[in-house]
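What follows is each chain in one-letter form.
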Amino acid sequence: MQHDLQVRIIKALMQQSKEGNTHDAGRQCLQPAASYVDPVLAAQEWSQFFENQPQLIGLSGDLPEPNSFLTINDFGLPVLATRDHNGRLRAFVNACRHRGALVTNDRRGTRKHFSCPYHAWRYASDGALAAIPKEEQFGSIDKSGHGLVELPAVEKYGLLWVHPQVDGAIDPEQLLGGFAEEIASNELQRYLYHGEKTIDKRLNWKLANDTFGENYHFKVLHSRTLSQLYQGDNLHYEIRGQNHRLALARQSIDALSNVPETEWIISDGALVLYYLFPNIQLILGPGRISLVKIYPDGCNPGRSISRIHTYFTQEMLDQLDAARLAHEAELVTADNVYQSGSQHKPMLSAEAIMEVFNSTVENEDYVMGESQQQSAESGRLKTLIFGRNEAPLQHYHNTFRAALGLPPLETLD
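Positions within a chain are numbered from 1, following the residues in the order the chain's sequence is written. Predicted model: local features are reported for residues with pLDDT of at least 70 only, side-chain atom pairs are reported and counted for 80 or more only, and whole-chain, interface and lining totals are derived from all residues. Heavy atoms from the whole structure form the basis of all side-chain values; hydrogens and water molecules are not counted.

Draft legend 1. Representation of the pairing of strand E3 (residues 68–72) in the model. Each residue is placed in one exposure class: buried if its accessible area under a 1.4 Å probe, protein chains only, is under 20% of its type's maximum, exposed if it is over 50%, and partly exposed if it falls in between. A run of H or I in DSSP counts as a helix once it spans at least four residues, and a run of E counts as a strand once it spans at least two, with each numbered from the N terminus. Counting buried residues along E3, five of its five residues qualify, which places the element largely inside the surrounding structure. In this sheet, strand E6 (residues 108–110) lies alongside E3 in antiparallel orientation, the contact comprising three bridges. Following the sheet pairing, phenylalanine 69 is matched in E6 by glycine 109. Two strands qualify as a pair provided DSSP detects at least 2 bridges between them. Judged from the four bridges that link them, E3 and strand E4 (residues 79–83) form a sheet pairing that is antiparallel.

Structure representation (structure tokens):
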């Protein structure tokens with residue numbers, strides 16, 4: 001992010017904090033509760049947003065070296081993504097060309113060849129069919145024409161995309177909707193994959209998205225966690241097409257008043273979150289990134305699966321290790337991480353940071369989302385209200401609706 005933009009965001013948040021206000025959407029909107037339960041709408045969303053649209057599967061750090069791989073099965077077909085022996089991102093249908101069995105069940109790893117567990121047909125990391133056991137008995141096969149079925153895949157700005165359709169197109173600039181330069185400036189390729197959490201809950205995927213779209217709830221729902229780090233009730237917000245960026249003020253933001261503006265860094269005063277249509281939350285903290293990928297259950301509108309990937313820079317990992325070994329908590333500032341409870345307690349491991357973030361989402365945000373899902377499924381609650389201070393909710397629900405040819409949300413008179 002350019003320095004002048006960082007300064008502008010920090011100044012705006014400082015002013016909001018001083019005046020006790022936040023970003024104003026200028027209207028209130030009515031959200032149909034049926035949006036979270038309608039099976040016809042859910043089928044349209046599944047087809048358009050997941051089966052027929054490029055999918056962001058991770059960061060470059062998910063495939064750290066040649067012959068590394070990961071598997072995904074979240075948007076309608078099993079996918080094997082690799083970094084081939086030349087270092088190029090490749091993606092394939094994870095299915096043997098012989099009888100269609102998965103060529104690997106492993107989530108990730110490093111492998112030069114994949115041997116199908118059914119009959120041991122062997123494929124290279126570039127998808128080429130390398131060997132057929134007892135080919136003299138099976139019959140001759142043109143190996144050049146029977147490699148793994150390849151899918152379009154693009155790596156750019158430290159991000160990995162795959163298209164579920166073999167003839168699909170991927171345009172990173174269009175997908176990032178005006179945020180390409182900003183996101184590129186964060187040098188996401190520097191971040192190392194450190195772990196993943198899967199949260200399978202009984203709530204619609206849009207309700208899971210909703211929890212990342214406003215901080216109005218921080219002082220109540222997160223009174224012992226996030227509200228100790230972030231002020232809540234203030235928000236810097238900008239839209240770029242179907243995407244948006246929001247920034248939340250840290251409790252420590254006012255300390256920057258004593259630092260020259262030329263030395264201001266956005267992570268010292270705010271948390272930045274990019275929403276990438278339709279299901280991605282990219283959360284940038286100091287030395288770390290949380291990538292939240294939210295998927296519907298294609299058969300059940302009342303269920304969703306969230307994959308939370310966590311990444312750290314090597315510098316942050318080194319800092320955490322040094323702090324842990326030396327028992328010097330001051331090396332990790334209290335507003336970088338938080339612990340459930342009434343006091344700030346710095347954590348001295350990447351695993352602890354990951355666990356607290358993941359458990360807050362699962363045990364606070366999504367538990368509340370499950371209660372909202374129950375209300376929607378009752379059929380008694382026809383509409384919900386998005387307030388003037390919940391602009392991101394209004395934005396991405398209107399983008400969902402526009403993409404499906406539906407009218408925008410009604411305004412509350």
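Draft legend 2. Structural detail: the pattern of salt bridges. Any carboxyl oxygen of Asp or Glu within 4 Å of a side-chain nitrogen of Lys or Arg constitutes a salt bridge here. Applying the stated criterion across every chain, the model contains 23 salt bridges. For the salt bridge of arginine 8 with glutamate 238, the shortest nitrogen-to-oxygen distance reads 2.9 Å. In this pair, arginine 8 sits in helix H1 (residues 3–19) while glutamate 238 sits in strand E14 (residues 236–240), placing the two residues 230 residues apart along the sequence. Put simply, Arg8, Glu182, Glu238, Arg240 and Arg245 are held in one network by salt bridges that share partners.

Draft legend 3. Summary view of the layout of surface pockets. Here a cavity denotes grid points, spaced 1 Å and computed from the protein atoms alone, that fit a 1.4 Å probe unable to get out, and a pocket denotes an open set having protein on both sides within 12 Å along at least 5 of 7 lines; residues with an atom within 4 Å of a point are the lining. Grid points are joined across faces, edges and corners, and a volume is the space filled by probe spheres set on the points. The computed volume of the second largest pocket comes to approximately 340 Å³. Counting residues per element, the ones that place at least two in the lining of the second largest pocket are helix H6 (205–210), helix H10 (350–378) and strand E20 (383–386). For the lining of the second largest pocket, the element with the most residues is H10, which contributes five residues. When residue character is reported, Ala, Val, Leu, Ile, Met, Phe, Trp, Tyr, Cys and Pro are called nonpolar, Asp, Glu, Lys and Arg charged, and the others, Gly included, polar. Of the residues belonging to the lining of the second largest pocket, the class tally is eight nonpolar, five polar and four charged.

Draft legend 4. Geometry of the nonpolar core. Nonpolar cores were defined as sets of buried Ala, Val, Leu, Ile, Met, Phe, Trp, Tyr and Cys residues, with membership established by side-chain atoms within 4.5 Å. With 57 residues, the main nonpolar core has Phe75, Val79, Phe212 and Tyr366 as its most contacted residues. Contact partners of phenylalanine 75, with chain neighbours within four places excluded, come to Trp46, Phe50, Glu51, Gln55, Ile57, Pro164 and Tyr295. Among the nonpolar cores identified, the runner-up in size contains 35 residues, and Val7, Trp161, Ile183 and Leu284 belong to it. The contact rule is simple, with two residues in contact once any of their heavy atoms fall within 4.5 Å.

Draft legend 5. Spatial organisation of the sheet that holds strand E15 (residues 243–249). The sheet built from seven strands is open, its strands ordered E13-E19-E18-E17-E16-E15-E14 with antiparallel pairing. Looking at strand neighbours, the two that pair on one side only are strand E13 (192–201) and E14, the edges of this open sheet. Going from strand to strand, the sheet's axes swing by 15 degrees on average, the running direction of each strand aside. Contacts from helix H2 (residues 39–51) reach strand E18 (288–297) and strand E19 (300–312) within the one sheet, and its direction differs from that of E18 by about 130 degrees. Helix axes are fitted only over the stretch in contact, all axes being lines through C-alpha atoms; the angle between N-to-C directions runs from 0 to 180 degrees.

Draft legend 6. Focus on the packing of aromatic side chains. Note on aromatic contacts: the rings of Phe and Tyr and the six-membered ring of Trp form a pair at centre separations within 6.5 Å, being stacked when their planes are under 30 degrees apart, edge-to-face when over 60 apart, and tilted otherwise. Under the counting rule described, the total for this entry stands at 16 aromatic pairs. Connected via pairs of aromatic rings, a cluster forms that spans Trp46, Phe49, Phe50, Phe75, Trp205, Tyr275, Phe277, Tyr295, Tyr396 and Phe400. The rule for a charge over a ring is simple: NZ of Lys or CZ of Arg within 6 Å of the ring centre, and within 35 degrees of the ring normal. Positioned above the aromatic ring of tyrosine 193 is the side chain of arginine 108, whose terminal nitrogen or guanidinium carbon lies 3.6 Å from the ring centre.

Draft legend 7. Structural view of the sheet that holds strand E12 (residues 159–162). Across the sheet, which stays open at both edges, the three strands sit in the order E2-E12-E11 with antiparallel pairing between neighbours. A strand with exactly one partner marks an edge of an open sheet, and here the two such strands are strand E2 (55–59) and strand E11 (153–156). Each neighbouring strand pair of the sheet contributes to a mean axis angle of 25 degrees, computed without reference to strand direction.

Draft legend 8. Spatial organisation of the state of the cysteines. Two cysteine sulfurs form what is called a disulfide whenever their separation falls within 2.5 Å. By the definition in use, this model includes zero disulfides. Left without a disulfide partner, cysteine 116 is nearest to the cysteine sulfur of cysteine 96, which lies 4.0 Å away. On the basis of relative accessibility, which here comes to 4%, the residue cysteine 116 falls in the buried class.

Draft legend 9. Spatial organisation of the side chain of asparagine 204. Along the polypeptide, asparagine 204 turns up in the loop between E13 and H6. Judged by relative accessible area, asparagine 204 falls into the buried class, the value being 2%. Any pair of nitrogen or oxygen atoms within 3.5 Å is treated as a polar contact; in protein, a donor-acceptor pairing is required on top of that, and neighbouring residues in sequence qualify only through side-chain atoms on both sides. A distance of 3.2 Å separates a polar atom in the side chain of asparagine 204 from the backbone oxygen of tyrosine 36. Engagement of the side chain of asparagine 204 in a polar contact is seen with the backbone nitrogen of lysine 206, the distance being 2.8 Å. Sequence-distant contacts of asparagine 204, defined by excluding residues within four places in its chain, comprise Ser35, Tyr36, Pro301, Gly302, Ser304 and Gln373.

Draft legend 10. View of the environment of glycine 269. With respect to the element layout, glycine 269 can be found in helix H8 (residues 266–269). Apart from the residues within four sequence positions on either side, glycine 269 is in contact with Leu248, Ala249, Arg250, Ile253 and Leu256.

Draft legend 11. Structural detail: empty space enclosed by the protein. Per the stated rule, a full pass over the model turns up four cavities of 30 Å³ or more. Roughly 460 Å³ of internal volume is contained in the largest cavity. Lining the largest cavity are 34 residues, with Leu226, Tyr230, Leu271, Ile283 and Phe357 positioned closest to its centre. Looking at which element gives the most residues to the lining of the largest cavity, the answer is H10, with eight residues. Residues of the lining of the largest cavity, tallied by class, amount to 20 nonpolar, 11 polar and three charged.

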